[in-house]
Amino acid sequence: MSSPVHASAPSSVVPAAASAAPGAPGAPSEADLLDFVRRTAADDRLVGSLPLDPQGRTWIRLEGPSGSEAWLISWPPGSGTGWHDHGGSHGAFAAAAGHLTEQSLAARLPTEGWTLLELADGIDRERQLTDGAGRAFGPHHVHQVFNGSPERHAVSVHAYYPPLPMMRRYSRSGLVLRLEQVEWPQEWA
């Protein structure tokens, strides 16, 4: 969530609090999160309430299902996240407007204890997301998401459980992935 413009959430929307660990009774599954982001992406009124800034991403924090954390995020033309993970949370995201590209690694990477990793050949994946298309992912997921359009904003909905404890950002050079930075929730307030 680096360097975006923050939009105020409507008064009826509040950040969710953490509850049970993934897989515990009452914790949302990846399927639950995917269903939530798809339904939310179809809410034209909510999606239309997000201010769009041509210079940076904007977002509104949402209450996700069963104590999960959720976000409605805008993507100006050409913007993206860079390589990152979700601090061990599982999650889902869906396109609500425009077109997003996700590049991910088809490998279960350790969530901690390393700063430099040599990747195997053939683990790169790319997925295109438009108009309600979404995907769920597990706690070891490393990816980057971007809006490749030169002229149109994209909007997406994201949900994570447990709420993001941190995000690790990586740089990539060929088959080498290097931990560059750790971001904490208070940085996204």
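For the structure, see preceding data.
Just so it is clear, the model here is predicted, and its values are computed rather than measured.

Rules used in this analysis
- Residues numbered from 1 in each chain as written.
- Predicted model: local features only at pLDDT ≥ 70, side-chain atom pairs only at ≥ 80, totals over all residues.
- Heavy atoms only, no water.
- 1 Å grid on protein atoms, 1.4 Å probe; cavity = no way out; pocket = protein on both sides within 12 Å on 5 of 7 lines; lining within 4 Å.
- Points joined across faces, edges and corners; volume = space filled by probe spheres on them.
- Helix = DSSP H or I, 4+ residues; strand = E, 2+ residues; numbered from the N terminus.
- Nonpolar A, V, L, I, M, F, W, Y, C, P; charged D, E, K, R; others polar.
- Salt bridge = Lys/Arg side-chain N within 4 Å of Asp/Glu carboxyl O.
- Buried < 20%, exposed > 50% of the residue type's maximum accessible area, 1.4 Å probe, protein only.
- Core = buried A, V, L, I, M, F, W, Y, C linked by side-chain atoms within 4.5 Å.
- Contact = heavy atoms within 4.5 Å.

S.K.: Lay out empty space enclosed by the protein in plain terms, naming residues and giving numbers.
M.R.: Any empty space left between atoms is shown by rolling a water-sized probe over those atoms. Counted by the stated rule, this structure contains 2 cavities of 30 Å³ or more. Taken as a whole, the largest cavity holds about 100 Å³ of empty space. Contributing to the lining of the largest cavity are 14 residues, with Arg-57, Thr-81, His-84, His-158 and Tyr-160 lying nearest its centre. Elements that contribute at least two residues to the lining of the largest cavity include exactly β3 (69-75), β10 (143-146) and β11 (154-161). A class-by-class count of the residues in the lining of the largest cavity yields 8 nonpolar, 5 polar and 1 charged.

S.K.: Which residues make up the pattern of salt bridges, and what values go with them?
M.R.: Under the definition given, this model contains 7 salt bridges. Residue Glu-102 is joined to Arg-135 by a salt bridge in which the shortest nitrogen-to-oxygen separation is 2.8 Å. One end of the pair, Glu-102, is in strand β6 (residues 99-105); the other, Arg-135, is in strand β9 (residues 134-137), with 33 residues separating them in the sequence. On the accessibility criterion, Glu-102 (0% relative accessible area) is buried.

S.K.: Which residues make up the nonpolar core, and what values do they have?
M.R.: In terms of nonpolar packing, the biggest core is built from 21 residues, with Phe-36, Val-37, Leu-62, Leu-72, Val-155, Val-157 and Ala-159 touching the most fellow members. Elements that contribute at least two residues to this core include exactly α1 (30-41), α2 (44-48), β2 (58-63), β3, β5 (90-97) and β11. Here this core takes 5 residues from α1, the largest share from any one element. Leaving out residues up to four positions away in the same chain, Ala-159 has contacts with Leu-33, Phe-36, Val-37, Glu-69, Ala-70, His-90, Gly-91 and Ala-92.

S.K.: Which residues make up the environment of Asp-53, and what are the values?
M.R.: Counting through the fold element by element, Asp-53 comes out in the loop between α2 and β2. Here Asp-53 falls in the buried class, since its relative accessible area comes to 18%.

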